[in-house]
Amino acid sequence: MTIGVDDDESAFSPLENNKGLAESWLRICGRLKGEVGEVEYRTWLTQIALGPIDGDEITLLLPTRFLRDWVRSQYGDRLSELWHSEIPSLRRVELQVARPGDPAPLQVADVAPASVTAAPATEDSTAGTKPVPEVRSDLVTALDSRFTFETFVVGKPNEFAYACARRVAEKPSSVGFNPLFLYGGVGLGKTHLMHAIGAELVRSGNVSVAYMSAEKFMYRFIAAIRSQSTIEFKEQLRSVDVLMIDDLQFLIGKDNTQEEFFHTFNALVDAGRQIVVSADKSPSDLSGLEDRLRTRLGCGMVADIHATTFELRISILEAKAAASGVVVPGKVLEFLAHKITSNVRELEGALNRLIAHANLFGRPVTLEATQDVLHDILKAHDRRVTIEEIQKKVAEHWNIRLTDMSSARRARNVARPRQVAMYLAKQLTSRSLPEIGRKFGNRDHTTVMHAVQRVTELMERDAAFAEDVELMRRMLES
Ligand SMILES: Nc1ncnc2c1ncn2[C@@H]1O[C@H](COP(=O)(O)OP(=O)(O)OP(=O)(O)O)[C@@H](O)[C@H]1O
């Protein structure tokens, strides 16, 4: 059902005629204010006006499309939940851009935070995220309570970053370096470590901490400009003890926001406050950020989170499987750690899917079931082998020079490995025969065809040779 803000006034339930609805809305605003904090509430939520209610759907109106999209993405689910708790028959909250003549927002700027504020973590306030309460600064985006130091698995690739993060969490006033700059590829644990710092600081009390993504930083900054509250925004930011900004690369190309961040950064460092920043690259590689900002970012401790090793992937899988309570055989964990090497997020996603499947169907996790359930993920992770890799591995294995892959030498000890390499190129890549021929010293496609036939025949006749070729194939595929 779609409710438009249409011309049919009779279909509309004007707010002034619906006191109960207005009271519900005020209560919802009070709860939201308590949950998201004063600044966020004032920036985004006071701009919402009540629209019509029709059956199980209520419409809320926002002045611009930008605001509508932002409120939908950030608060859509929560608004639905809160409306449902007020009026159980309501199932949907529709967010629309207001048109001339639509009701104005209620004057709820002085809505007191509802008693829910003081309640313990509102576990249902954001999907999949359990916010940590009792944070002094309302600049804190909900911290995910799953991301703690206890649940972070430490190994060679991340031990340094972990140690630095711990240091900030334990002694925020005398860390000895500022900022802490965490960087590394996608899904390797940067956000996890930042949330862990936040959770630890909140637990220890007496420290105000602000965590937000660079994207959110920018939107808040823009919103502050729109609502003419930039001074307040700056003061809020500059009053925290620890400021953490995630995914700083988002600010590349956003010159005004960079400028604001730079000033905030300086003000906080000058005041002896701690900053933690994460990005996908080191400060020196973040081209697109202003030089002076890059220089300042690189002045503290720069900690790289490296790509995972097989051992770390196994440890992470073991920890996550144990926490799930589902028995996942070691063989399956090893298989996953071998196959999914891209990042921890994808590894975790694959394991979660297996666990969900096992729970749903009550079946044990086996290697066979894993291949079946994760068919699509595993396919996407199948390694793409290049002809150059094949040539290199085969040349090493048969102890010939790499250049002999393209040379005209016909001696058997050279020609045979070259044929094997052509055979493997045909088996493991999607290259055509002429393309393969070109990579082997501009040979004709019939030469490649002959090599493939010859190797196939030899493998049928000679078990030791077949084993050698199979070994090569496995090494290249792993
Ligand atoms: N060492 C680890 N131990 C346990 N879980 C981890 C570890 N590293 C990453 N994870 C998990 O992997 C997932 C992705 O991690 P996270 O979101 O922190 O990555 P990120 O580096 O911030 O990625 P992005 O660059 O996309 O923001 C999270 O669920 C996190 O808990």
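Calculation notes
Residues numbered from 1 in each chain as written. Predicted model: local features only at pLDDT ≥ 70, side-chain atom pairs only at ≥ 80, totals over all residues. UniProt positions renumbered as here; feature names shortened; annotations may be inferred. Helix = DSSP H or I, 4+ residues; strand = E, 2+ residues; numbered from the N terminus. Buried ≥ 20, exposed ≤ 12 C-beta atoms within 10 Å, placed from the backbone. Core = buried A, V, L, I, M, F, W, Y, C linked by C-beta atoms within 7 Å. Domains from an automatic or database assignment. Contact = placed C-beta atoms within 7 Å. Axes fitted to C-alpha atoms, helices over the stretch in contact; angles between N-to-C directions. Parallel < 35°, antiparallel > 145°, perpendicular 65-115°, else oblique. Nonpolar A, V, L, I, M, F, W, Y, C, P; charged D, E, K, R; others polar. Pairing = 2+ DSSP bridges.

By the naming in an unreviewed UniProt entry, the protein goes by Chromosomal replication initiator protein DnaA and is assigned to Acetobacter syzygii. Looking at the protein in UniProt, the text filed under Subunit (unreviewed entry) is "Oligomerizes as a right-handed, spiral filament on DNA at oriC." Turning to the protein, the UniProt record has this under Subcellular location (unreviewed entry): "Cytoplasm".

So, unusual backbone geometry
Here N178 and P179 are connected by a cis peptide whose omega angle stands at 0°. One can find P179 in the loop between α4 (159-170) and β4 (180-184). In this structure, N399 takes a positive phi of about 60° despite not being glycine. By the element assignment, N399 lies in the loop between α15 (387-397) and α16 (412-428). Since 8 C-beta atoms lie within 10 Å of it, N399 is described here as exposed. Not every positive phi belongs to a glycine, and N442 is a case in point at roughly 60°.

Side note on the nonpolar core
A165, I197, L243, M244, V276 and L336 are the most contacted members of the largest nonpolar core, which totals 69 residues. With 7 residues, the single largest contributor to this core is helix α5 (residues 190-204). The two domains that each donate at least three residues to this core are domain 2 (156-305) and domain 3 (310-381). If we ignore the near neighbours within four places in the chain, the residues touching I197 are A165, V168, A169, M244 and V276. Counting residues in hydrophobic clusters, the runner-up holds 20 residues, among them C29, I53, L82 and V93.

Re the packing of α16 against helix α18 (residues 445-461)
Across the interface, α16 lies against α18 with an axial gap of 8 Å and an inter-helix angle of 95°. With respect to α18, the element α16 is oriented roughly perpendicular. Only V448, A451, V452, R454 and V455 of α18 make contact with α16, whose side of the interface consists of Q419, V420, M422, Y423 and K426. Per-class residue counts for the contact of α16 with α18 are 7 nonpolar, 1 polar and 2 charged.

Observations concerning the sheet that holds strand β2 (residues 57-62)
Adjacent strands of a sheet pair through backbone hydrogen bonds, lying either parallel or antiparallel. One open sheet holds the 3 strands; their spatial order is β1-β2-β3, and the pairing between them is mixed. Strands with a single pairing partner mark the edges of an open sheet, and in this sheet they are β1 (49-54) and β3 (92-97). Looking at each pair of strands side by side, their axes are set apart by 25° on average, direction ignored. Taken together, the 6 bridges between β2 and β3 define a ladder with parallel strand orientation. By the bridge assignment for β3, L61 is matched with Q96.

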